There are 2 protein chains.
Amino acid sequence: MFTSPLQLEGPSIADRDTLVKRESGVTLSSPMRLRMEAFVKAQQKEIVSTLEALDPSKQRFRVDTWTRPNGGGGISCVLQDGSVFEKAGVNTSIVYGTLPRPAIEKMRVNHKALDPDVENLEFFAAGLSCVLHPRNPNAPTVHFNYRYFETMDAEGNCNAWWFGGGTDLTPSYLFDEDAIHFHRTIKEACDKHDRGYYPRFKQWCDKYFYIPHRGESRGIGGIFFDDLDEEEKEQEQLFSFIKDCLTAFLPSYLPLIEKRRDMPFTEKEKEWQQLRRGRYVEFNLVHDRGTSFGLNTPGARVESILMSLPLTARWIYMHDADKGSREERLLKVLREPRDWV
Amino acid sequence: MFTSPLQLEGPSIADRDTLVKRESGVTLSSPMRLRMEAFVKAQQKEIVSTLEALDPSKQRFRVDTWTRPNGGGGISCVLQDGSVFEKAGVNTSIVYGTLPRPAIEKMRVNHKALDPDVENLEFFAAGLSCVLHPRNPNAPTVHFNYRYFETMDAEGNCNAWWFGGGTDLTPSYLFDEDAIHFHRTIKEACDKHDRGYYPRFKQWCDKYFYIPHRGESRGIGGIFFDDLDEEEKEQEQLFSFIKDCLTAFLPSYLPLIEKRRDMPFTEKEKEWQQLRRGRYVEFNLVHDRGTSFGLNTPGARVESILMSLPLTARWIYMHDADKGSREERLLKVLREPRDWV
């Protein structure tokens, strides 16, 4: 039998994981990375089909499945120019790779479990991201991202690991009842795990989604967290928390889009939405660490990273909201984040 | 007579310069900073009135004059939603300020004349920037920026100084004759001073206006340079070079906008222009050092910095240019910069 030099080195962790999945499937006793991967893929399917069902024009998501040369890959689902959403993206990405020493040293600040004495480390990352930009200016843009990261030894045994993620709402026009519903749904998911989570992660979110050069937040927040590892809680507990956050997404957002998608609106309101989309672009391109990390990763799939940008955006020099207007009311809240629950 | 504590410290350099300008005007023997300021302000007036004369709807530039608390200020001239230009900005900015030690150390890499033994240094900067985004997709976007920078002792005597700047053209549809005219006009301005300038600064421009995550240039280039000081040429010679670059702007661009402004175009061509505007936004927000320096400067006038963004932009997931189309032809040139003269 012919054996290639690569095969002599033994199968990669990604290859071994593929074999395990094919032969035994993913069960409760599978390694966390396989369980997280299976979970985000199942969630992606459910979210995509729920969003498709919203669209009376029956437009479907375009599905692109891509693989990475060193293992892993992703599924990008994007719906464009639909009747409910101008742009909707729901992406999973699974990455197997090698961390060089400087990256390990940087990560050790937050994760003492990382071995400081190695030149490089195998790592795995799995995540699900979603950004929805509705057509109707009364309906808010929403975003979430939940991810799992681990480092492994050469045999694929997990070394350090952590979870991160969050979700936030970006209305062009503020409906208090929507903001309250969104925050309350997230808070309930958090409270099941730790009463301290919601206040802590709500504050982290307000801090993260801030546009310093505008002196305003991107939207009305939600939750944001990163680096949740064994110093926070046990892995199973955190996975269960992440699962509850993710499954809270549809209940947190569906009632809002259903209520707002068919509201009448004026040209002026549409223009205001487009200006707010401009701010969204500013945050994502200037400040978002996820986007900038992605754009700086060699071989990254740029179209999947930038699916978060709106279909269209607008910049008007010296635009000013009228005194007492709905536009001014939103700006006030963006300049001074509020408690919603 | 009442004397305020501030007056006891003596007038600032900005105050003294204001007095000199009022009492004696700016002449050939004035310090370079006053001559550069006078020159860019005169150029701004001429460019603004020439561009206004282009617009049959007689729309005028909005003029905002602003001052900086520590001296200096600027004039922002912006025309929006005109019949020829969707957005046109022509800004001067004059800055008096103090450089902290880390900034001085960074600048010493390029300017040995900077005193390494001071805690801080007074500085002055004067510049003129312009970005024009035409309505017609056949007409190219154009940008230029020319600036002078100096450091001074407490009495206002110039210590180190340098010039920087450049201009570049960003067509949505490529007309070879336009690209050739633009580059030839700039080359002639350069050649009058140094036959080596155009090839050197053209290459610098191609390198600077590159969008790595897209693997393409923002446009078809022009010239770009920075840190031209006494190691390059004498101050008078460089000022004369900068003046020729600036006065070459209208001749380099006017024939193009006059030829293209009234060409018929399709909806599809307008959409392609909007996609290219999206790339312009990506370059300016992710890569442009000028923009990022501006946004990170406390107290900067954000509206003047971001006037460079187009009125509207578009992002389409996985957009592809048709084989053999005009769109594909542009992309080829953006991926492999060409020599135009």
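Shown above is the structure to which this text applies.
Let us look at the structure shown here.

Conventions and cut-offs
- Residues numbered from 1 in each chain as written.
- Chains lettered and ligands numbered in written order.
- Predicted model: local features only at pLDDT ≥ 70, side-chain atom pairs only at ≥ 80, totals over all residues.
- Heavy atoms only, no water.
- Buried < 20%, exposed > 50% of the residue type's maximum accessible area, 1.4 Å probe, protein only.
- Helix = DSSP H or I, 4+ residues; strand = E, 2+ residues; numbered from the N terminus.
- Contact = heavy atoms within 4.5 Å.
- Phe/Tyr/Trp six-rings, centres within 6.5 Å; stacked < 30°, edge-to-face > 60°.
- Lys NZ or Arg CZ within 6 Å of the ring centre and 35° of its normal.
- Pairing = 2+ DSSP bridges.
- Axes fitted to C-alpha atoms, helices over the stretch in contact; angles between N-to-C directions.
- Least-squares fit on C-alpha atoms with pLDDT ≥ 70 in both.
- Buried area = accessible area lost by both parts, 1.4 Å probe.
- Salt bridge = Lys/Arg side-chain N within 4 Å of Asp/Glu carboxyl O.
- Nonpolar A, V, L, I, M, F, W, Y, C, P; charged D, E, K, R; others polar.

Within helix α12 (residues 326–335) of chain A the residues assigned to the buried category are Glu327, Glu328, Leu330, Leu331, Val333 and Leu334 of chain A. As for α12 of chain A, its buried residues are in contact with β8 (216–217) and α9 (267–287) of chain A.

Within a pair of aromatic rings, the relevant descriptors are the distance that separates the centres and the angle that separates the planes. Residue and element names in this part refer to chain B. Enumeration according to the criterion identifies 48 aromatic pairs over all chains in this entry. For the ring pair Phe201 and Trp204, a centre distance of 6.2 Å and an interplane angle of 55° mean the geometry is tilted. Residue Phe201 and its partner Trp204 are both found in helix α6 (residues 197–208); the two are separated by three residues, about one turn of the helix. Note that Arg326 overlies the ring of Tyr173, its terminal NZ or CZ placed 4.1 Å from the centroid.

Strand pairing in a sheet relies on backbone hydrogen bonds, with the paired strands running either antiparallel or parallel. Residues and elements named next belong to chain B. Here we have seven strands laid out as an open sheet, ordered β1-β2-β3-β4-β5-β6-β9, and antiparallel in their pairing. Each end of this open sheet is capped by a strand with a single partner; those strands are β1 (62–67) and β9 (222–228). Here the average twist between neighbouring strands, direction ignored, is 10°. Here strand β4 (residues 120–134) pairs with strand β5 (residues 141–152) via eleven bridges, running antiparallel. When the sheet's bridge partners are listed, Ala126 is paired in β5 with Tyr148. Contacting β5, β6 (158–170) and β9, helix α5 (residues 176–191) runs over the sheet at an angle of about 35° to β9. Together, β3 (85–100), β4, β5 and β6 form the strand contacts of helix α9 (residues 267–287), whose direction differs from that of β4 by roughly 170°.

This part is about the environment of Ile220 of chain B. Tracing the sequence through the fold places Ile220 of chain B in the loop between β8 (216–217) and β9. Residues within four places of Ile220 of chain B in sequence aside, it is in contact with Leu169, Pro171, Leu174, Ala179, His183, Val333, Leu334 and Trp340 of chain B.

Once chain A has been moved 0.0 Å along the axis and rotated by 180°, it coincides with chain B to within an RMSD of 0.0 Å. Read as a symmetry element, the transformation amounts to a two-fold axis. Both copies present the same face, since 100% of the interface residues in chain A are matched by interface residues at the equivalent positions in chain B.

Our focus in this paragraph is the interface of chain A and chain B. Listed per partner, the contact involves 30 residues of chain A and 30 residues of chain B. Summed over both sides, the interface of chain A with chain B buries roughly 2,800 Å², with 59% coming from carbon and sulfur. Broken down residue by residue, the surface that chain A buries against chain B is led by Glu303, Trp315 and Tyr317 of chain A, which jointly contribute 28%. Put simply, chain A and chain B have four salt bridges between them. Asp81 of chain A is the salt-bridge partner of Arg314 of chain B, the closest N and O atoms lying 3.8 Å from each other. Listed by contribution, the elements that provide at least two residues to the side of chain A that touches chain B are β1 (62–67), β2 (72–80), α9, α11 (302–305) and β10 (312–314) of chain A. If you tally residues by element for the side of chain A that touches chain B, the top one is α9 of chain A, at four residues. Residue composition of the side of chain A that touches chain B, by class: 16 nonpolar, five polar and nine charged. With three bridges joining them, β10 of chain A and strand β10 (residues 312–314) of chain B adopt antiparallel strand pairing. Each residue of the ladder has a partner; that of Thr312 of chain A, found in β10 of chain B, is Arg314 of chain B.

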